[in-house]
Amino acid sequence: MPNFKNNTLTLTQFSLLIYGTQSGIGILSLPRDLAEIGDTSSWIALFLGYALSVVASIIIIQVMKKYPEDTIIQLFRRFFGKWLGSVFSICWIAYTALGMFLITATSVFIINTWVLPKTAPYLILLIITIPSFYLARNGLRIISRFSVLVFFFTSWMAFLFMSPMFTGDLLNLLPIIKDGFMPIIKSVPSITFSFLGLELLFIFYPFLEDKTKAIKGVLIANGITLLSYLVVTFSSFIFYGPYEVLEYVWPTLNLVKPIEFPFLERFEIIFLSFYLLILATTGIPYYFASSFSIAQLLGRKDHQIILFLTLPLLYICFYFFTNSLTNLDKLGGIFNKIGLGIAFFMPLLLVVYGWLFRKVRRHKP
Amino acid sequence: MYIVKRRKICEVTRMRRKRRKIKEPTKQLSLSKEEVISSYLAENKEFLIHSPSLPGLSIREITIFDGRSALLTYIDHLSDTAYISQNVLSPLFGDHSPQKSVKDVIPVPNLKTVNNWTNIITNLLHGCCILFIEGENDALHINAQSLQKRKPDEPANERTIRGSHIGFVEPLEDNIAMLRQFLTSDQLRIKYTYVGNENKTKVGILYLENLANPEVLEELMDRIEKVNYKTILDSGELEQMIEDNPYSIFPQSLSSERPDSVAADLLQGRYAIIVDRSPSVIVAPINFNSFFQSIDDYSSRWISSSFIRILRFVSFVIAIFLPSIYIAIISFHYEILPLELLLSIGQSRREVPFPPIIEAFLMEFILEMLREAGLRLPKSIGQTVGIVGGIIIGQSAVEAGIVSNIMVIVVAMTAIASFVMPNPEMAFGIRFIRFPMMLVASFFGMVGIVIGFMTIVMHLVSLESVGTPYGVPYGPLKWKDLKDSIIRFPLWTINKVRVSRRN
């Protein structure tokens, strides 16, 4: 058993940890994704996405509530026995490892294209992974402390994103619901991707100090995520209009570009460098989750050694991966599809299975 | 909660430390503890004369008032001879009725009896005077220490504008007495222990029973007792032995020579560790914020002290990041500067043949050298070093085209900013971090700086001081404690927090 007792999270830490995991990469391309499918009124779909992800989180909590000391790995073993459980656990680990790789590769790509075009991607990978590994080797409590700190430290960015709202044209938001509700509903799946990160609740939940506050924490986390998405979406819709948004790969980052100070031009370089902090709060939980899950699967208390073993693995994977936008998009698509299954459908199945499982167990003690 | 996990990690570090160090064989005196003194003076005298551990022992045979002979021993210059002759010898020679016991005659406040040699030798080495009397199984032990003391004056590196101007001195008891002057509370507790294999040093741990966290005390005592080291000569050595993370560049306990600031820390539920013969007192557990606080902040008005606090945080950032930002901008992101500024920088860098990293390293290194050189020189020469270094080298380096004007400004600003830090230990940490930051900035520009910043933040968040989080109130966010951080709120609003906070 890992020592959850010495690593408990408070409500603030819990919710901001989830928030950090959720928002990071999805937010960068969100306005474009929305505009592609749902046109001007697709922001309404954000609320639907919020509702869906809250429901999914609550279901996850319902699954975990019965066994408050179990992480997903132990739950799999309890439900499906040693062998089948291990197979499921390996799938879960593969998913978290994929998340870890995807976020790292995306960060490297962003930095390489926007800030350091002449530096080799390898070196960027190296410099990015060092702090991530340094933090992830600690317990979840310390990771969440960092997430909380980063949340407050980067809150000024919200105002930055808001500023284009006042220079743009509000008419860009109109007409609302021009083609009926279908486009809105169609854009819901692409929004649920942006709320991914909540599936790490399977790992975080046992660490929460006061389990009764879990639902509250999830509501807060998803709420802040929704709020930040709304700000970014409105801002880019108002500033660019529904058609110009489509021209940018990452419209969110382009929002910052026009900002200038009398003593500072090309502010986005500084902004993007600091955006690394937010990317770290997204990536590090995946680093932790994958190595921690492996440690749990192997019955080890300490996940540090495993984390250090995954470091060369990450480098090797990166060597075989051509870091281009299309590849990242492909990988992201795969990750999102699996994530959708893991975050939204698996909890449902687990709830039903758990209910049956307990019923059967009660009959034959 | 933090403590339990901490202890585990601590044990691991301690094990590591133990492995690192070769155990010193503890040298024992060549006599067993049970060996007691004889009632015959001659035998005792024989033993004392031949004892190898008592050089400079002065032995005087006397006949006391009741006709018995006695042996008065002490070590020259360790004991106060005037005190002995006035309070021991003259009453013993005086006119008393023979029925009176010797104890009743000697007018000293603390008079003890000892009868085993180990104790006697230790006491003699501590400057006590021992009186053996013919036919008695116990010897008398009179405390006649003559210590070299200095007057308590204001500590040179912790000057304040307001507040008391007294500083700790060397003897442990004097320091405790000085602290007691500030803290008359009956809740003050003192725990004594001895540290060192070769040479035992007395260590006192002070705390306020009603405020301090008992788990921290347990942890602290445990660590101090497990110290495996020859001799602790200064509190700085003990500080390193009981630190949580010895590989960190950030100090995890505070040392102060001011009784008033130590008293203020005790009032926040912290522990003070006083090492005998050392004027700087260790305060633990501490957090990152404490290094930005000075006792002066509380005696001046809240707006002005908040301003000073902000100044300190800004200079913390400047001292670490300014040279690396310069390097990052010059070598990577010159496009973020407005054109006019870029042109003027280009003008001054035109003649410089080195890349900015070499330029910066050169200047920063010279600066550190100057500072170290000026530190130990007499005051009058120290000023000359400053003039030579600052004016002559700076000016001529620019004229010779080795460094740019802007670089000189950057270096001077970082130097001034690092002097702002009230704590020298923290200031040293900052001076050191600057160099890796410059390296990272020269490789990765702004990204490197943010990565460096991130690593520092992560390190601070994961550090602990005696099992309590170091990053309080930022790392684990504590809203109430934030009142006494970057902005110092009016005293009446933080008063409650300061007293009731348990670390």
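In this text, all values refer to a predicted model and were calculated from it rather than measured experimentally.

The next point concerns the overall build of chain A. Along the backbone of chain A there are 15 helices and zero strands. On C-alpha atoms alone, chain A measures out to a radius of gyration of 21 Å, which is about the 21 Å that the 2.2 N^0.38 rule sets for 365 residues. Projected onto its principal axes, the C-alpha coordinates of chain A cover approximately 70 × 50 × 35 Å. Counting only residues that meet the buried cut, chain A has 48% of its 365 residues in that class. Look at the contacts in chain A between residues 6 or more apart in sequence, and 84% of them connect residues 24 or more apart.

Within chain B, the secondary structure is distributed over 17 helices and 12 strands. In terms of overall size, chain B is more extended than a compact globule, its C-alpha atoms giving a radius of gyration of 29 Å where 503 residues would be expected to give roughly 23 Å. Along the longest, intermediate and shortest principal axes, the C-alpha atoms of chain B span 100 × 50 × 45 Å. For chain B, the proportion of its 503 residues judged to be buried stands at 37%. Within chain B, counting contacts between residues at least 6 apart in sequence, those at least 24 apart form 67% of the total.

Our focus in this paragraph is the sheet that holds strand β10 (residues 281–284) of chain B. All names here are of chain B. Reading across the sheet, the five strands line up as β6-β7-β9-β10-β8 and stay open at both edges, with antiparallel pairing between neighbours. Each of the sheet's edge strands pairs with one partner strand only, and the pair in question is β6 (188–195) and β8 (254–256). This sheet shows a mean twist of 25 degrees between the axes of neighbouring strands, independent of strand direction. For strand β9 (residues 271–275) and β10, the ladder comprises three bridges, and the chain directions are antiparallel. Looking at the pairing, Y271 lines up with A284 of β10.

Moving on to the nonpolar core. With 153 residues, the main nonpolar core has F204(A), L276(A), I449(B) and V450(B) as its most contacted residues. Residue contributions to this core peak at 19 residues, all from helix α16 (residues 424–462) of chain B. Leave out the neighbours within four places in its chain, and V450(B) touches S273(A), F274(A), L276(A) and L277(A). The next biggest cluster of nonpolar side chains, apart from the first, holds 34 residues, and it includes L172(B), L208(B), A212(B) and L220(B).

Before going further, it helps to spend a moment on helix α3 (residues 43–65) of chain A. The terminal C-alpha atoms of α3(A), which comprises 23 residues, lie 33 Å apart, in line with the 33 Å expected from a rise of 1.5 Å per residue. By the burial criterion, the buried members of α3(A) are W43(A), A45(A), L46(A), G49(A), Y50(A), S53(A), A56(A), S57(A), I59(A), I60(A), V63(A) and M64(A).

Residues and elements named next belong to chain B. Pairing is antiparallel in the open sheet, where five strands are placed in the order β1-β2-β4-β5-β3. Of all the strands in the sheet, the pair left with one neighbour each is β1 (57–63) and β3 (111–114). Between one strand and the next, the sheet's axes are offset by a mean angle of 25 degrees, whatever the strand orientation. Judged from the seven bridges that link them, β1 and strand β2 (residues 69–75) form a sheet pairing that is antiparallel. Within β2, the position partnered with I62 by the bridge is A70. On top of the sheet, helix α2 (residues 41–50) reaches β1, β2 and β4 (129–133); it is set at about 20 degrees to β2, its chief contact. Here helix α5 (residues 117–125) sits on the sheet in contact with β1, β2, β3, β4 and β5 (139–142), set at roughly 55 degrees to β2.

All names here are of chain B. Split by domain assignment, chain B resolves into domain 1 (41–142), domain 2 (149–286) and domain 3 (297–462). One C-alpha centre belongs to domain 2, the other to domain 3; they are set 33 Å apart. Class assignment of the residues belonging to the side of domain 2 that touches domain 3 gives a composition of four nonpolar, three polar and one charged.

Another point: the interface of chain B and chain A. Counting residues at the interface gives 27 residues for chain B and 29 residues for chain A. For the side of chain B that touches chain A, the secondary-structure elements that each account for two or more residues are α1 (2–20) and α16 of chain B. No other element matches the 14 residues that α16(B) contributes to the side of chain B that touches chain A.

Helix-helix packing is characterised by the crossing angle of the two axes and by the distance between the axes. All names here are of chain A. Running from amino to carboxyl end, α3 crosses helix α11 (residues 214–244) at an angle of 160 degrees, the nearest separation of the two axes being 10 Å. Taken together, the axes of α3 and α11 lie roughly antiparallel to each other. For α3 against α11, the interelement crossing comes out right-handed. For the pair formed by α3 and α11, the contact residues are W43, L46, Y50, S53, V54, S57, I58 and I61 on the first element and A214, I215, V218, L219, N222, L226, Y229, L230, T233 and F234 on the second. Taken together, the residues that form the contact of α3 with α11 break down as 14 nonpolar, four polar and no charged.

When you line up the elements, T193(B) lands in strand β6. Residues T193(B) and G204(B) lie 11 residues apart in sequence; the distance between their C-alpha atoms is 6.5 Å.

Here we take up the environment of E268(A). Residue and element names in this part refer to chain A. Locating E268 in the fold gives a position in helix α13 (residues 267–297). With 246 residues separating them in the primary sequence, E268 and Q22 have C-alpha atoms 23 Å apart. Discounting chain neighbours no more than four positions away, the residues touching E268 are L253, V256 and K257.

Each neighbour pair has its own omega, and for A284(B) with P285(B) the value is -10 degrees, a cis peptide bond. Within the secondary structure, P285(B) sits in the loop between β10 and α10 (295–299). Cis rather than trans, the peptide bond between V472(B) and P473(B) has omega equal to 0 degrees. Mapped onto the secondary structure, P473(B) falls in the loop between β12 (468–469) and α17 (491–500). We note that R266(A) has phi near 50 degrees; this positive angle belongs to a residue other than glycine. Along the chain, R266(A) turns up in the loop between α12 (251–256) and α13.

Another aspect to go through is the confidence of the model for chain B. Residue and element names in this part refer to chain B. In the predicted model, chain B carries a mean pLDDT of 84, and 91% of its residues have values of at least 70. Of all helices and strands in chain B, the one with the weakest mean pLDDT is α1 (50), whereas β9 scores best (94). A low-confidence stretch, residues 17–33 stays under pLDDT 50, and its non-local contacts, those more than four residues away or across chains, total 15 contacts. Contacts from residues 497–503, a stretch scored under 50 in pLDDT, to residues over four places away or in other chains number 20 contacts.

Glancing now at helix α14 (residues 304–320) of chain A. Residue and element names in this part refer to chain A. Spanning 17 residues, α14 covers 25 Å between terminal C-alpha atoms, matching the ideal 24 Å at 1.5 Å per step. Three or more residues of α14 are buried, namely L307, T310 and L314. Of the surrounding secondary structure, the elements contacted by the buried residues of α14 are α4 (72–114), α5 (121–136) and α13.

Residue and element names in this part refer to chain B. The N-to-C vectors of helix α11 (residues 302–331) and helix α13 (residues 356–376) enclose an angle of 160 degrees; their axes lie 9 Å apart at closest approach. Here α11 is positioned roughly antiparallel relative to α13, judged by the angle of their axes. At the point where α11 passes α13, the crossing takes the right-handed sense. On the side of α11, the interface is formed by P323, Y326, I327, I330 and S331, while α13 contributes P356, I357, A360 and E364. Taken together, the residues of the contact of α11 with α13 break down into seven nonpolar, one polar and one charged.

Rules used throughout
- Residues numbered from 1 in each chain as written.
- Chains lettered and ligands numbered in written order.
- Predicted model: local features only at pLDDT ≥ 70, side-chain atom pairs only at ≥ 80, totals over all residues.
- Helix = DSSP H or I, 4+ residues; strand = E, 2+ residues; numbered from the N terminus.
- Rg over C-alpha atoms; globule rule 2.2 N^0.38 Å.
- Buried ≥ 20, exposed ≤ 12 C-beta atoms within 10 Å, placed from the backbone.
- Contact = placed C-beta atoms within 7 Å.
- Pairing = 2+ DSSP bridges.
- Axes fitted to C-alpha atoms, helices over the stretch in contact; angles between N-to-C directions.
- Core = buried A, V, L, I, M, F, W, Y, C linked by C-beta atoms within 7 Å.
- Expected span 1.5 Å × (residues − 1).
- Domains from an automatic or database assignment.
- Nonpolar A, V, L, I, M, F, W, Y, C, P; charged D, E, K, R; others polar.
- Parallel < 35°, antiparallel > 145°, perpendicular 65-115°, else oblique.
- Left-handed = near helix turned anticlockwise from the far one by under 90°.
- pLDDT = per-residue confidence, 0-100.

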